[in-house]
Amino acid sequence: MDGATEMSFQSSSNNIFSHDDDYANYPIPLSSLGVRNTSPSRQKVIKTKPRGFDEETVTTFTKVVHSDVYMDDHIWALLPGDLLNEILAHLPPFIIFRLRPVCKRWNSILQDNGFLKVHSQIPSHGPCFLSFWRNSPTPQCSVYSLPLKALYRIPLSFLPEWAFWLVGSSGGLVCLSGMDGLTFKTLVCNPLTQSWRVLPSMHYNQQRQMIMVVDRIDKSFKVIAMSDVYGDKTLPTEAYDSKLDKWSLHQIMPTFNLCSSKMAFCDSHLYLETLSPLGLMRCEVDTGQWKHVPAKFPRSLLDGYLVAGAKKRLFLVGRIGHYSTLQSMRIWELDHAKLAWVEICRMPPKYFRSLLRISAERFDCFGQDNLLCFTSWNQGKGLLYDVDKKVWSWIAGCVLQSCSSQVCFYEPRFDASIH
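Where an unreviewed UniProt entry is consulted, the protein chain appears under the name F-box/kelch-repeat protein, with the organism given as Acorus calamus.

What follows is the structure in structure tokens.
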């Protein structure tokens with residue numbers, strides 16, 4: 001899609017998303033760089049530093065200059081439906097919404113089973129950050145696309161007022177919870193299709209620590225509820241299965257002291273950090289059975305977060321040191337055979353000092369696949385680490401962790417079903 005087409009859709013007032021121009025990162029025109037235009041057969045490689053990334057992270061891309069091509073409207077109007085679905089399915093999901101006002105046929109594309117079937121076979125758009133907050137009765141939501149370097153506003157006015165807490169996101173679905181009067185409720189929605197539904201009530205209807213996981217192959221999802229947020233350890237674990245449309249009661253977690261409320265779902269198991277017994281607690285989600293994993297924490301660990309990676313990888317992220325002395329941020333990976341944490345990376349000091357300017361400042365860490373995102377609660381900026389490429393980069397132009405917002409990774413998908 002060329003620049004002219006891009007701008008024409010951006011100005012559309014009927015699309016469901018609003019695109020923030022301040023966060024868009026457009027390629028630098030050749031004329032502004034003092035480079036003359038060349039023929040389409042020649043390519044000019046330009047090195048640029050994308051806005052929002054560290055000054056040492058340099059990205060190289062190829063700029064190709066194309067000549068104008070006349071497109072006959074009558075010919076393109078005869079494009080077969082299956083070929084049109086194939087073309088549209090390869091576009092970024094957010095761009096499809098900006099194309100909907102073009103005609104009635106494209107406006108109804110989300111209800112087309114042929115398009116959804118093709119879209120389900122397309123690889124993920126790439127990592128995105130979803131921010132959710134409520135400063136008024138109307139919920140606010142924005143999605144920052146790392147591949148597009150752009151921020152998109154998503155209207156969530158269809159959500160009930162009690163949907164206050166962001167449980168998490170998986171496979172294109174988003175889970176939220178809240179108190180409707182004295183009743184604790186949970187819902188699942190697809191922000192792209194604007195579809196949502198409230199889950200049945202749990203057996204023990206109290207505010208819980210929860211996590212959601214989606215099985216794209218099985219086209220189903222599960223929501224697991226742990227002990228309540230006030231530390232009541234007598235509540236049994238409950239699991240909701242979308243295929244059965246009901247909650248199942250499981251074993252009470254045999255532990256007395258949790259290190260953190262953060263949970264990680266890895267290889268069909270749920271992991272939590274515990275002090276008593278020391279190490280990890282692992283739950284087999286299908287059977288609801290808990291098991292102690294005696295993986296000792298690294299020495300002088302101040303605070304840690306469990307993060308699930310790709311291909312059964314489980315990471316531990318935390319600070320080492322004392323609150324009044326020198327600290328460092330480190331990343332470990334669990335050796336499942338030896339049941340031990342193996343250090344794989346240390347955050348460079350310049351990033352650590354910039355992310356946490358105060359030794360006792362609070363931070364958060366969450367991940368998707370093998371990407372880890374660090375956020376500072378007081379500064380509203382994020383730091384991204386690619387475990388595979390071993391590259392650190394700053395994230396700018398997106399609404400990250402603050403006192404009023406909740407953030408998670410998000411995978412935009414039209415084919416994610418709430419049923």
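**Focus: the overall build of the protein chain**
Across its full length, the protein chain carries seven helices and 28 strands. Here the protein chain holds 419 residues, and the buried ones make up 47% of them. Restricting to contacts in the protein chain with at least 6 residues of sequence separation, those with at least 24 account for 49%. Working note: accessible area of the protein chain is about 21,300 Å², and carbon and sulfur atoms make up 53% of it.

**A closer look at the sheet that holds strand E22 (residues 327-335)**
Judged by pairing direction, the sheet is antiparallel, and its four strands sit side by side in the order E20-E21-E22-E23 without closing on themselves. Two strands lie at the open edges of the sheet, namely strand E20 (301-308) and strand E23 (340-346), each paired on one side alone. Taking the axes of each pair of neighbouring strands and ignoring which way they run, one obtains an average angle of 30 degrees across the sheet. Inspection of the sheet shows strand E21 (residues 314-321) paired to E22 by seven bridges, in the antiparallel sense. Following the sheet pairing, Arg319 is matched in E22 by Met329.

**Description of the packing of helix H3 (residues 81-89) against helix H6 (residues 113-120)**
As a packed pair, H3 and H6 sit with axes 9 Å apart at the nearest point and diverge in direction by 45 degrees. Of the possible angle classes, the one that applies to H3 and H6 is oblique. When the axes of H3 and H6 are compared, the crossing they make is right-handed. In this structure, H3 uses Asn85, Glu86, Leu88 and Ala89 to contact H6, whose residues at the interface are Gly114, Phe115, Val118 and His119.

**A short note on the pairing of strand E14 (residues 246-249)**
Across four bridges, the pairing between strand E13 (residues 238-241) and E14 is antiparallel. Bridge assignment links Ala239 to a residue of E14, and that residue is Ser248. Linking E13 to E14, which pair antiparallel, is a turn of four residues; within it Asp245 sits at a positive phi near 55 degrees.

**Here we look at H6**
Residues spaced three or four apart along an α-helix face the same direction, because each turn holds 3.6 residues. Every buried residue of H6 is accounted for by Phe115, Val118 and His119. Angularly, the buried residues of H6 cover 100 degrees about the axis, an arc narrow enough to put them on a single face. In H6, the exposed residues that point more than 90 degrees away from the buried face are Asn113 and Lys117. Buried positions along H6 lie against H3 and helix H4 (93-99). Of the residues that open H6, the one with a side-chain oxygen 2.8 Å from the backbone nitrogen of Gly114 is Asp112.

**Describing the side chain of Ser242**
Its place among the elements puts Ser242 in the loop between E13 and E14. We classify Ser242 as buried; its relative accessible area is 9%. Within the local environment of Ser242, its side chain forms a polar contact with the backbone nitrogen of Phe221, the two atoms lying 2.9 Å apart.

**A word on the sheet that holds strand E27 (residues 391-395)**
The strand order E24-E25-E26-E27 describes an open sheet built from four strands, whose pairing is antiparallel. Two strands lie at the open edges of the sheet, namely strand E24 (363-368) and E27, each paired on one side alone. Neighbour to neighbour, the strand axes of the sheet diverge by 20 degrees on average, direction disregarded. Across five bridges, the pairing between strand E25 (residues 371-376) and strand E26 (residues 382-386) is antiparallel. Bridge pairing in E26 places Leu371 opposite Asp386.

**Observations concerning H3**
Where H3 is concerned, the buried positions are Leu84, Asn85, Leu88 and Ala89. Along the long axis of H3, the arc covered by the buried residues comes to 125 degrees, so they all point the same way. Next to the buried residues of H3 lie H4, helix H5 (104-107) and H6.

**Some details on the nonpolar core**
In terms of nonpolar packing, the biggest core is built from 36 residues, with Phe115, Leu130, Leu159 and Leu176 touching the most fellow members. For this core, the element with the most residues is H4, which contributes five residues. Discounting residues that sit within four places of it in the chain, Phe115 has contacts with Asn85, Leu88, Ala89, Ile96, Ile109, Leu110 and Phe414. Formed by 21 residues, the second largest nonpolar core is a distinct cluster that contains Met329, Leu356, Val387 and Trp394.

**Brief notes about unusual backbone geometry**
Even without being a glycine, Lys311 presents a positive backbone phi close to 55 degrees. Mapped onto the fold, Lys311 is located in the loop between E20 and E21. You will see that Leu339, though not glycine, has its phi angle at about 55 degrees, which is positive.

**Concerning the environment of Gly321**
Mapped onto the secondary structure, Gly321 falls in strand E21. As for Gly321 and Arg299, which are separated by 22 residues in sequence, their C-alpha atoms are 8.7 Å apart.

**What to know about the environment of Ile320**
As for its placement among the helices and strands, Ile320 is situated in strand E21. Ile320 sits in the buried class, given a relative accessible area of 11%. Once the C-alpha coordinates of Ile320 and Leu301 are considered, the two residues, 19 residues apart in sequence, prove to be 4.8 Å apart.

Here is what the cut-offs are and how they apply
Residues numbered from 1 in each chain as written. Predicted model: local features only at pLDDT ≥ 70, side-chain atom pairs only at ≥ 80, totals over all residues. Heavy atoms only, no water. Helix = DSSP H or I, 4+ residues; strand = E, 2+ residues; numbered from the N terminus. Buried < 20%, exposed > 50% of the residue type's maximum accessible area, 1.4 Å probe, protein only. Contact = heavy atoms within 4.5 Å. Areas by Shrake-Rupley, 256 points an atom, 1.4 Å probe, with all protein chains shown as cover. Pairing = 2+ DSSP bridges. Axes fitted to C-alpha atoms, helices over the stretch in contact; angles between N-to-C directions. Parallel < 35°, antiparallel > 145°, perpendicular 65-115°, else oblique. Left-handed = near helix turned anticlockwise from the far one by under 90°. Arc of directions from axis to C-beta. Polar contact = N/O pair within 3.5 Å; in protein donor to acceptor, adjacent residues only side chain to side chain. Core = buried A, V, L, I, M, F, W, Y, C linked by side-chain atoms within 4.5 Å.

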